[in-house]
Each structure stands twice: as structure tokens, then as C-alpha cells.
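Remarks on the overall topology
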Amino acid sequence: YYDKRLLNYFGKIFVLYEEFVDNLSYFRYYHAQCNEKFAENVPEFENKKFCVMVHSNHFCQHPKSVYEERRNAAQFFSAVEGFDLYGTRWNDYPSWRGCFKTGKLDVIKNYKFCISYENVSDQNGCITERIFDAFYAGCIPIYLGPKNIYRYIPKDCFINLTEFSSYNDLYRFMNSIDKETYCSYLQAAKRFISSPQGEIFSSKQLAKTVLQHIDKPF
């Protein structure tokens, strides 16, 4: 992500990765959301399909890449009824539905669960829009990301893949969730988004962060 040669060209660089931050050249920012409005006409629990994944099937040699883990998830859930897979390069998977033609939230709101993996795992502070898209769509994210995710997002908002020893265990847990429990996850996510803790991931906060570092107005 962050090539040290950039220091030759820029006085300030904003990063997600916590270990880069020195507040001299590297400064922390929080990834702003593309969608900051809850989806409308979200189906009721009993009318939703089971699970969806919206990722492209990429390859990467980075040691913390989760692209292979996405393929593991796609392979496992493709054998599960009610699972759909969207994105590029999944042609060989029976659950592949192509690339959606509407907004992402309009697709994933129709599912109870959304597999939401970051591009890398175990990278403290690296939290993007993936988990938030599920929040705004009114479904529960199955999430894989930084080890310190609970520092930023409450545990009762999502299902953390690292809490399970296998996809079979995860699947059994997902199936055990009834409507009342399901709704409690969604309510927790809404409370988080409207809280000061959730506000740091807003586009408004990103604008404030950048403006604080601009020496002169345009």
C-alpha cells in the first residue's frame, strides 16, 4: 500500500495502517463511507435469502492478503442453499450471479448475512467500507479484518470469522440465529453508526481530518 518513496513527493501522507503513523509524515485517517444512508424497503427476516458475497476474485502475494480466504468462503457457501456470489472472475462457481447492475446496498439488503472481508487481515486500523455496507443494507456482516477490530466496532454489531474454527462451525452459528437475535445485531449496528465512535468513519470526519492539515485555503 504505502511506498516509502512517496515521502520524496509529499509532505503529509494519510494512512489506514496504524503502525505507519508518526504524526510527522504519516497521519491517521479513517476510511469514509460511500453509502451513509440506510437502504429502503429492506425485506423482513423471513423473506430474506441466506447469504451473499460481493467481491472480485483477485490474487495477491501480500502475506496478509485474504483473497484466498474469500475463495475458501465462496467454495464452502456455494454448496449452501440461498447463497449468491457477485463480482468478477467467479465464473467457475455455481453460485456466481455475475456483476450486479444496481447499487450494492440494493443487492445485499435482500440477504440475512453478507461476507465482508477486507483485502488484508491482521492489519491494525485497516477498516474500509465493507463492513459498513452491510450495516447500511440491514444485514449482518461476516467480517474478517484487523485484530483490533473491537477497539473500533462493538462486538454485537457483526460476526467475526476469527471466532470460529471452521466454516462448518460458522454455518451452524448463522443457522442458529432467530429473528429476535438477528434484529438485535441490526439495532446494535444502527446505534454504533449514530454514535461518536461511528462518526469517525463518516465523510464529514474525513473532510475535517484533511482540512486540519491544509496550511492555506484554496
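So, a few notes on the structure that sits alongside this text.

Criteria and cut-off values
- Residues numbered from 1 in each chain as written.
- Predicted model: local features only at pLDDT ≥ 70, side-chain atom pairs only at ≥ 80, totals over all residues.
- Heavy atoms only, no water.
- Buried < 20%, exposed > 50% of the residue type's maximum accessible area, 1.4 Å probe, protein only.
- Helix = DSSP H or I, 4+ residues; strand = E, 2+ residues; numbered from the N terminus.
- Contact = heavy atoms within 4.5 Å.
- Phe/Tyr/Trp six-rings, centres within 6.5 Å; stacked < 30°, edge-to-face > 60°.
- Lys NZ or Arg CZ within 6 Å of the ring centre and 35° of its normal.
- Core = buried A, V, L, I, M, F, W, Y, C linked by side-chain atoms within 4.5 Å.
- Pairing = 2+ DSSP bridges.
- Axes fitted to C-alpha atoms, helices over the stretch in contact; angles between N-to-C directions.
- Polar contact = N/O pair within 3.5 Å; in protein donor to acceptor, adjacent residues only side chain to side chain.
- Patch = residues over 30% accessible without salt bridge, like charges linked within 9 Å, V, L, I, M, F, W, Y side chains within 5 Å.
- Areas by Shrake-Rupley, 256 points an atom, 1.4 Å probe, with all protein chains shown as cover.
- Salt bridge = Lys/Arg side-chain N within 4 Å of Asp/Glu carboxyl O.

Turning next to helix α3 (residues 130-137). The buried fraction of α3 amounts to 8 of the 8 residues, a majority that puts the element mostly inside the structure. When we look at burial in α3, the residues that qualify are R130, I131, F132, D133, A134, F135, Y136 and A137. Against the buried residues of α3 lie α1 (67-77), α2 (104-108), β5 (111-117), β6 (140-144) and α5 (179-193). Immediately downstream of α3, the backbone of G138 shows phi near 75°, a positive value.

This next bit is on the packing of aromatic side chains. Evaluated as defined, the whole model comprises 25 aromatic pairs. Ring plane angle 35° and centroid distance 5.7 Å describe the contact between F77 and F83, whose orientation is recorded as tilted. Here F83 falls in the buried class, since its relative accessible area comes to 3%. Taken together, the ring pairs connect F45, F50, F76, F77, F83, F113, Y167, Y171 and Y182 into an aromatic cluster. Directly above the ring of F59 sits R71, whose terminal nitrogen or CZ lies 3.9 Å from the centroid.

Below, the discussion takes up the nonpolar core. In this structure, F77, F113, I115, I127, F132, F135 and I153 are the most contacted members of the largest nonpolar core, which totals 54 residues. For F135, the residues in contact, after removing those within four places along its chain, are F38, P141, I153, C157, F158, A189, F192 and I193. Counting residues in each nonpolar core, the second largest holds 9 residues, with I13, V15, F20 and Y29 among its members.

Although it is not a glycine, N23 sits at a positive phi angle of roughly 60°. Inspection of the secondary structure assignment puts N23 in the loop between β1 (13-15) and β2 (26-28). N23 gets classed as exposed once you look at its relative accessible area, which sits at 53%. The backbone of D122 sits at a positive phi, close to 60°, despite the residue not being glycine. Looking at the element boundaries, D122 is found in the loop between β5 and α3. By relative accessible area, which is 35% here, D122 ends up partly exposed.

Read across the sheet, 5 strands follow the order β4-β3-β5-β6-β7 without closing on themselves; strand pairing throughout is parallel. Whereas interior strands pair on both sides, the edge strands pair on one side only; in this sheet they are β4 (83-86) and β7 (159-160). Pairing of strand β3 (residues 49-54) with β5, which is carried by 4 bridges, proceeds in the parallel orientation. Directly across from M53, in β5, lies its bridge partner I115. With respect to the sheet, α3 is in contact with β5 and β6, its orientation differing from that of β5 by roughly 165°.

What follows deals with the environment of K48. As for its placement among the helices and strands, K48 is situated in the loop between β2 and β3. Residue K48 is classed as buried on the basis of its relative accessible area of 9%. Between the C-alpha atom of K48 and that of K208, which follows or precedes it by 160 residues, the distance is 38 Å. Apart from the residues within four sequence positions on either side, K48 is in contact with V42, P43, K109, N110, Y111, K112, G138, C139 and Y182. A polar contact of 3.1 Å, which involves the side chain of K48, links it to the side chain of Y182.

A separate point is a nonpolar patch on the surface. Taken together, the side chains of L6, Y9 and F10 define a hydrophobic patch exposed on the protein surface, amounting to about 350 Å² of accessible area. Along the polypeptide, L6 turns up in the segment before β1. Using a relative accessible area of 31% as the deciding quantity, one classes L6 as partly exposed.

What follows covers the pattern of salt bridges. For the structure on display, the rule yields 14 salt bridges. Salt-bridge contacts for E46 lead to K179; the nearest nitrogen and oxygen are separated by 3.5 Å. On the criterion of sequence distance, the pair formed by E46 in the loop between β2 and β3 and K179 in helix α5 is long-range, its members being 133 residues apart. Shared partners join several salt bridges into a network, and the residues in it are E18, R28 and R151.

Taken by themselves, the reported measurements are silent on function.
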